[in-house]
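# Commentary on secondary and tertiary structure
This is what each chain is made of:
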Amino acid sequence: MAGAKYVCRIGKTKPVFLISSLKNQFTCHTRKDVFCTHLRGITTTPFPEFQGDPQLKSHADLYNASLQNPDYFWGTLAKSRLQWFQKFNQVKDCDINKGHIRWFMDGKLNASVNCVDRYAKKTGDAIALIWEKDEPGTEEYVTYRQLSQMVNKMANMLKSSGVGRGDRVAIYLPTSPVAVAAMMACARIGAIHSVVFAGFSSDALAGRIIDADAETVITADEGVRGGKLIPLKQTVDAAVAQCPCVKRVFVYQRTGNDVPMNKLDISLDKEMACQSDVCDPEEMGSEDLLFMLYTSGSTGKPKGIAHSTAGYLLYAGITQKHVFDYQEGERFGCVADIGWITGHTYVVYGPLSNGATTVLFESTPTYPDPGRYWEMVQRLKLNQIYLAPTSLRLLLKEGNEWVTKYDRSSLRKLGCVGEPLNSEAYDWYNDVIGDGKCEVVDTWWQTETGGIAIAPRPSAKGAKIVAAKPMRPHFGIQPALMDKDGKELTGSNVQGALCIKSVWPGMARTIYGDHKRFLDTYYNPYPGYYFSGDGAHRCEEGYYQITGRMDDVMNVSGHRIGTAEVEDAMDNHAQVAETAVVGYPHDVKGEGIYAFVVPMGDVDPEEADALKAELKLMVKTVIGSFAQPDKILFTPGLPKTRSGKIMRRILRKVADNKPDELGDISTLVDPSVVEILVQRHSEEFKV
Ligand code: WTA
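No experiment lies behind these values; they were computed from the predicted model shown.

For the rest of this paragraph, the subject is the environment of Gln 384. Tracing the chain through its elements places Gln 384 in strand β20 (residues 384–387). Residues Gln 384 and Lys 413 lie 29 residues apart in sequence; the distance between their C-alpha atoms is 4.9 Å. Those residues in contact with Gln 384, other than ones at most four positions away along the chain, are Phe 324, Asp 325, Tyr 326, Glu 330, Arg 331, Phe 332, Gly 333, Leu 411, Arg 412 and Lys 413. Here the side chain of Gln 384 touches Glu 330 through a polar contact of 2.7 Å, side chain to side chain.

Given below as structure tokens:
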């Protein structure tokens, strides 16, 4: 069978599973061999690069220097941490007023050299990737040398098919070594990769391929998740049928099951097998785009957030090392999918640029049971785990025994990201998962910031972590809170729009193909500041707590979903006149999706459920199943102002069961609609 797994054994040690179709390129390794090549416990001082500088002794000195003398601070780090073909001759050229961000001018480097080659040369037997496949206990290990071979072969494969510098490559793959190699192979030849989360529908994938004008797609026959097969190739076929720009589709055999191969399809496994494992890396400019990643915004059209090569790489590496106190030889377990920025930065670029061992998690937190994460921690001896609060909320309901039966003593740092960490989830993470012995780092950042921007670590020695708060700005980040009139709020105990008034290397450079939208979204709302779209509170001690999105973007299980995207999908239904979607508090997902739908004419109560199912299907088809509404309410109208604007504030209160807090509704064209909404909501959802 094509998908049969190749097993190699060394002496009496445990078997290690390698990728079947790529087996000839690999040498065999055991966990033990590789673990011994590392020595734990190098210095824990942040930025040893500055140890010779008598001015920069403390954490506060370093933070201040990062803001007051950014050229010295980032220039020193960029020189010592990155490998350059040609050194940069100017640290930065930035004008935040204009959203003009450029770092490390005239420098030349290659991200794949920094993430793969230098470690393949130095510590080639060290494990780069642990592929934690869907079935527990079937993990595969890939050393830096093996990864280097894969990357070079794949780079040659792309090159020989005509892919070159600046070309966009869409990657629609499960979290796997091949996906990492695909990202690195693009970087090696200077192509810009656009990883699309493999849960997006064919329409959503097509939209992203067309927007990026990508000629090349890399996918797999099927994905495997939670014991189920996911028909990735079928989705790609439906997407590619809508994309005249696509010239080739590489298909990796994840399961080896038969899938129809069309005229644009090329077997990735076969094509790679006949390529040389030497591919000279392109010398890329610091500011050449490394990748783009689509994220939701206030309109229905997703934004291709574009990141540069040098700045992103430096920032990803610095934050992975220092926020999680990553030490050489440790095993870093970020369980995010590579289709979201968390996976991009903390599964792939951050750890690999530090020569770390990183986990690629293919499964779900509850497969085969709610002990999966902790069984994995025990089996793989992970030192850090980085996850989303939504999975903590899901798992804590299942009881502590799923945790306590596994040995978690290898864990040192517990990270989370993507949504506010509520105190119940924080306590469970800290007390039960970490046994009160690990630091919990609640990290705030965004696709646009490239890496962690606010987090409890690194910090001055002895500084305590305040429960469930991202707390302090990272080096180079100067947060600001703005009031309604666009003025910066000073002092403590204030709440406002979260902006950043400094520039840092990891920040996004543009929205691919739409720089005006980039400026309008991030720089024009508060001139001289980067606007995050979030609200935040600064407490007495000066620590930051995120209060949630201020725009029409929902945060569902840590995924950003624009209300407009869901509305557009549902509005396509012939029986729908209009839709308004809002988020509402959901005890597991953080936010659930609530759709208020105005149908064409009345809906027969007998047919209401069928129509709801059709509407959910529309969302699944246009976006993906993760964006399907949790609740749908049919209503004869929506609360609108005289200028036709939907008052979402009112819808949010209705959805949140707070009819007493509706406030002033006198400006509505038809205030009586609110009464109908409240009544229907309470009947439908029995509140
Ligand atoms: C939210 C994910 C509260 C926030 C890395 C942000 C958070 C959006 C936190 C970015 C946190 C992220 N506490 N909210 N620690 N971290 N968020 O682009 O609303 O997928 O704007 O990046 O997630 O989501 P994105």
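As a further point, take the domain arrangement of the protein chain. Buried accessible area, meaning the area lost when the parts come together, often serves as the stated size of an interface. In terms of domain boundaries, the protein chain breaks down into domain 1 (5–45 + 293–549), domain 2 (147–289) and domain 3 (566–685). A straight line from the C-alpha centre of domain 1 to that of domain 3 covers 33 Å. With seven residues of domain 1 in contact, the opposing surface of domain 3 contributes six residues. Overall, the association of domain 1 and domain 3 removes approximately 480 Å² of surface from exposure, summing both partners, and the carbon and sulfur fraction of that is 55%. Viewed at the interface, domain 3 and domain 1 are joined by one salt bridge. If you look at where domain 1 meets domain 3, you find four residue pairs in polar contact (both at pLDDT 80 or more).

So, about the side chain of Glu 330. Structurally, Glu 330 can be placed in the loop between α10 (310–323) and β18 (331–334). A residue is classified by how much of its surface remains accessible, and Glu 330, at 0% relative accessible area, is buried.

Looking now at the pattern of salt bridges. Counted under the stated rule, the structure contains 39 salt bridges. A salt bridge links Glu 439 to Arg 457, with the nearest nitrogen and oxygen atoms 3.8 Å apart. Of this pair, Glu 439 sits in strand β22 (residues 439–443) while Arg 457 is found in the loop between β22 and β23 (479–482), placing the two residues 18 residues apart along the sequence. Note on Glu 439: relative accessible area 27%, which makes it partly exposed.

On to the site of the ligand, then. Looking at the ligand, there are 17 residues lining it, with Thr 443, Thr 447, Asp 534, Arg 549 and Arg 560 nearest. Thr 447 places a polar side-chain atom, nitrogen or oxygen, 2.6 Å from an oxygen atom of the ligand. Within the side chain of Arg 549, a nitrogen or oxygen atom sits 2.7 Å from an oxygen atom of the ligand. Among the secondary structure elements, those contributing two or more residues to the shell around the ligand are α11 (341–353), β22 and β28 (544–549).

This part is about the confidence of the model for the protein chain. The share of residues in the protein chain with pLDDT of 70 or more is 93%, and the mean pLDDT across the chain is 92. Contacts for the low-pLDDT stretch residues 1–44, under 50 throughout, to residues beyond four places or in other chains number 99 contacts.

The end-to-end C-alpha separation of helix α4 (residues 111–123) is 18 Å, in line with the 18 Å expected for 13 residues at 1.5 Å each. A maximum bend of about 30° is found in α4 at Asp 117. Of all the 13 residues making up α4, ten are buried; the element is thus mostly covered by neighbouring parts of the structure. Turning to α4, its buried residues number three or more, namely Ala 111, Ser 112, Val 113, Asn 114, Cys 115, Val 116, Asp 117, Arg 118, Tyr 119 and Ala 120. Taking the backbone nitrogen of Ser 112 as reference, a side-chain oxygen 2.8 Å away marks Asn 110 as the first, capping residue of α4.

Two pairing modes exist for strands in a sheet, parallel and antiparallel, and in both the strands are linked by backbone hydrogen bonds. Spatially, five strands are ordered β24-β23-β25-β27-β28 in an open sheet, and the strand pairing comes out antiparallel. In this open sheet, the two strands that pair with only one neighbour each are β24 (488–489) and β28. Sheet analysis places β23 next to strand β25 (residues 494–500), joined by four bridges and oriented antiparallel. Bridge assignment links Ala 480 to a residue of β25, and that residue is Cys 499.

Right, let's get into the nonpolar core. Of all hydrophobic cores here, the largest spans 157 residues; its most connected members are Trp 74, Phe 104, Leu 147, Tyr 349 and Leu 352. By residue number, the principal contributor to this core is helix α6 (residues 177–189), which donates eleven residues. Leaving out residues up to four positions away in the same chain, Trp 74 has contacts with Ser 66, Val 91, Trp 103, Phe 104, Leu 314, Tyr 315, Ile 318, Phe 475, Gly 476 and Pro 505. In terms of nonpolar packing, the next biggest core, distinct from the first, is built from 32 residues, Val 335, Leu 396, Leu 411 and Ala 468 among them.

As a further point, take unusual backbone geometry. That bond from Tyr 367 to Pro 368 is cis: its omega, -5°, falls within 30 degrees of zero. Mapped onto the secondary structure, Pro 368 falls in the loop between β19 (357–361) and α12 (372–380). Backbone torsion omega between Arg 457 and Pro 458 reads -5°, so that peptide bond is classified as cis. Note that Pro 458 resides in the loop between β22 and β23.

With that settled, consider the packing of aromatic side chains. Under the defined criterion, the tally for this structure stands at 40 aromatic pairs. These aromatic residues form a ring-pair network of at least three members: Phe 47, Phe 50, Tyr 72, Phe 73, Trp 74, Trp 84, Phe 88, Trp 103, Phe 104, Tyr 315 and Phe 475. We note Arg 208 situated over the ring of Phe 200; from NZ or CZ to the ring centre the distance is 4.1 Å. Here the basic side chain of Lys 631 rests over the ring of Phe 685, its NZ or CZ set 4.8 Å away from the ring centre.

The next thing to look at is the packing of helix α7 (residues 202–212) against helix α8 (residues 232–240). In the contact formed by α7 and α8, the axes pass within 8 Å of each other and the chain directions differ by 55°. With respect to α8, the element α7 is oriented oblique. α8 is crossed by α7, and the crossing has right-handed handedness. On the side of α7, the interface is formed by Ser 202, Leu 205 and Ala 206, while α8 contributes Thr 235, Val 236, Ala 238 and Ala 239.

Our next topic: the sheet that holds strand β26 (residues 510–511). If you trace the eight strands from one edge of the open sheet to the other, you get β14-β13-β10-β8-β9-β16-β17-β26, paired in mixed fashion. Of all strands in the sheet, those with a lone pairing partner are β14 (265–267) and β26, marking the two edges. Bridge count for strand β17 (residues 303–308) against β26 is two bridges, and the pairing is antiparallel. Directly across from Ile 305, in β26, lies its bridge partner Ile 511. Relative to the sheet, α6 contacts β8 (168–172), β9 (192–195), β10 (216–220), β13 (248–252) and β16 (289–295), its axis offset from that of β8 by approximately 175°. The strands touched by α11 within the sheet are β9 and β16, with β16 carrying the most contacts at an inclination of about 145°.

Rules and cut-offs
Residues numbered from 1 in each chain as written. Predicted model: local features only at pLDDT ≥ 70, side-chain atom pairs only at ≥ 80, totals over all residues. Heavy atoms only, no water. Helix = DSSP H or I, 4+ residues; strand = E, 2+ residues; numbered from the N terminus. Contact = heavy atoms within 4.5 Å. Polar contact = N/O pair within 3.5 Å; in protein donor to acceptor, adjacent residues only side chain to side chain. Domains from an automatic or database assignment. Buried area = accessible area lost by both parts, 1.4 Å probe. Salt bridge = Lys/Arg side-chain N within 4 Å of Asp/Glu carboxyl O. Buried < 20%, exposed > 50% of the residue type's maximum accessible area, 1.4 Å probe, protein only. Near = heavy atom within 4 Å. pLDDT = per-residue confidence, 0-100. Expected span 1.5 Å × (residues − 1). Bend = angle between axes of the 7 residues up to and from the residue. Pairing = 2+ DSSP bridges. Core = buried A, V, L, I, M, F, W, Y, C linked by side-chain atoms within 4.5 Å. Phe/Tyr/Trp six-rings, centres within 6.5 Å; stacked < 30°, edge-to-face > 60°. Lys NZ or Arg CZ within 6 Å of the ring centre and 35° of its normal. Axes fitted to C-alpha atoms, helices over the stretch in contact; angles between N-to-C directions. Parallel < 35°, antiparallel > 145°, perpendicular 65-115°, else oblique. Left-handed = near helix turned anticlockwise from the far one by under 90°.

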